[in-house]
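What follows is the residue order along each chain.
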Amino acid sequence: MTLVKFGNGQKNYPVNPFFNDVFDSILNDTFIGDKLVSRVPAVNIAENENEFHIELAAPGLKKEDFKINLDKNVLSVSADKKVENVEGTKFSKREYNYTSFTRSFTLPETVDHSKIDAEYIDGVLKLTVAKREEAKFQSREIAIK
């Protein structure tokens with residue numbers, strides 16, 4: 001069975017609508033479109049007064065697939081997973097297949113390199129990077145003279 005995407009009739013084309021549907025399908029649903037899809041996981045980075053939180057969305061991996069390295073101020077997260085093909089299964093589209101990737105983050109001077117923790121829960125790799133004590137924002141009230 002082959003799935004074919006056609007226009008829903010709501011577009012106004014200045015030229016032949018079939019002509020545009022052909023190019024839409026080439027750019028969106030075929031081999032070319034698959035190569036244009038980003039092959040690195042999406043990331044969220046948040047900060048509070050004590051630490052940075054980095055979250056990578058990488059479903060379908062195991063914690064053993066990840067490798068996390070720190071080289072000076074560059075934190076690198078990589079994964080390498082052997083693709084397992086299920087015999088008799090033919091994918092018509094496969095977008096969340098992370099076989100290998102690397103994401104690198106330049107850490108600021110304010111981090112404590114000895115306090116970096118990682119956990120992988122429900123398809124999300126969560127990294128916690130602590131700040132040095134002297135880098136933490138110290139709040140105080142300033143008296144007016």
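Note that the structure is a prediction, hence the values are computed from the model and not measured.

The next subject is unusual backbone geometry. Among all residues save glycine, negative phi is the norm, and among peptide bonds the norm is trans. Here the phi dihedral of K72 falls at roughly 60°; this positive angle occurs in a residue that is not glycine. By the element assignment, K72 lies in the loop between strand 3 (66-71) and strand 4 (74-80). In this structure K72 comes out as exposed when scored by relative accessible area, which is 73%. Positive phi is not limited to glycine here, since D122 has a value of about 50°. Note on placement: D122 falls in the loop between strand 6 (111-121) and strand 7 (124-131). With a relative accessible area of 76%, D122 lands in the exposed category.

The next subject is the side chain of D65. As for its position among the elements, D65 is in the loop between strand 2 (51-57) and strand 3. If sequence neighbours within four positions are ignored, D65 has contacts with S78, A79, D80 and K81.

Right, let's get into the sheet that holds strand 6. Sheet strands pair via backbone hydrogen bonds, and the direction of the pair is either parallel or antiparallel. The sheet built from four strands is open, its strands ordered 1-2-7-6 with antiparallel pairing. Whereas interior strands pair on both sides, the edge strands pair on one side only; in this sheet they are strand 1 (43-47) and strand 6. This sheet shows a mean twist of 15° between the axes of neighbouring strands, independent of strand direction. Pairing analysis gives seven bridges linking strand 6 to strand 7, with the strands arranged antiparallel. Bridging from a neighbouring strand, I121 pairs with V124 of strand 7.

Across all of its chains, the model carries two aromatic pairs by this definition. When the ring of F66 is compared with that of F101, the centres are 6.4 Å apart and the planes differ by 70°; the resulting orientation is edge-to-face. Within this pair, whereas F66 is found in strand 3, its partner F101 is found in strand 5 (residues 100-106), the two being separated by 35 residues in sequence. We note that F66, like F101, is buried. When the ring of F66 is compared with that of Y120, the centres are 5.0 Å apart and the planes differ by 55°; the resulting orientation is tilted. Here Y120 lies in strand 6 and F66 lies in strand 3, a separation of 54 residues in the sequence. Residue F66 is classed as buried on the basis of its relative accessible area, which comes to 12%.

The next subject is the pairing of strand 3. As a general feature of sheets, a regular strand has side chains that alternate between the two faces. One ladder, built from six bridges, connects strand 3 with strand 4; its direction is antiparallel. Of the residues in strand 4, the one forming a bridge with F66 is A79.

The next thing to look at is the sheet that holds strand 3. Spatially, three strands are ordered 3-4-5 in an open sheet, and the strand pairing comes out antiparallel. This sheet does not close on itself; its edge strands, each paired only once, are strand 3 and strand 5. Strand-to-strand twist of the sheet, defined as the mean angle between neighbouring strand axes without regard to direction, takes the value 15°. Relative to strand 5, strand 4 is paired through seven bridges, and the arrangement is antiparallel. Across the sheet, V74 pairs through a bridge with T106, a residue of strand 5.

Let's shift gears to the pattern of salt bridges. According to the stated counting rule, one finds one salt bridge in the structure shown. K131 is the salt-bridge partner of E47, the closest N and O atoms lying 2.5 Å from each other. Of the two residues, E47 is situated in strand 1 and K131 in strand 7; the sequence distance between them amounts to 84 residues. According to the relative accessible area criterion, E47 is exposed, its value standing at 53%. According to the relative accessible area criterion, K131 is buried, its value standing at 10%.

Rules of the game
- Residues numbered from 1 in each chain as written.
- Predicted model: local features only at pLDDT ≥ 70, side-chain atom pairs only at ≥ 80, totals over all residues.
- Heavy atoms only, no water.
- Helix = DSSP H or I, 4+ residues; strand = E, 2+ residues; numbered from the N terminus.
- Buried < 20%, exposed > 50% of the residue type's maximum accessible area, 1.4 Å probe, protein only.
- Contact = heavy atoms within 4.5 Å.
- Pairing = 2+ DSSP bridges.
- Axes fitted to C-alpha atoms, helices over the stretch in contact; angles between N-to-C directions.
- Phe/Tyr/Trp six-rings, centres within 6.5 Å; stacked < 30°, edge-to-face > 60°.
- Salt bridge = Lys/Arg side-chain N within 4 Å of Asp/Glu carboxyl O.

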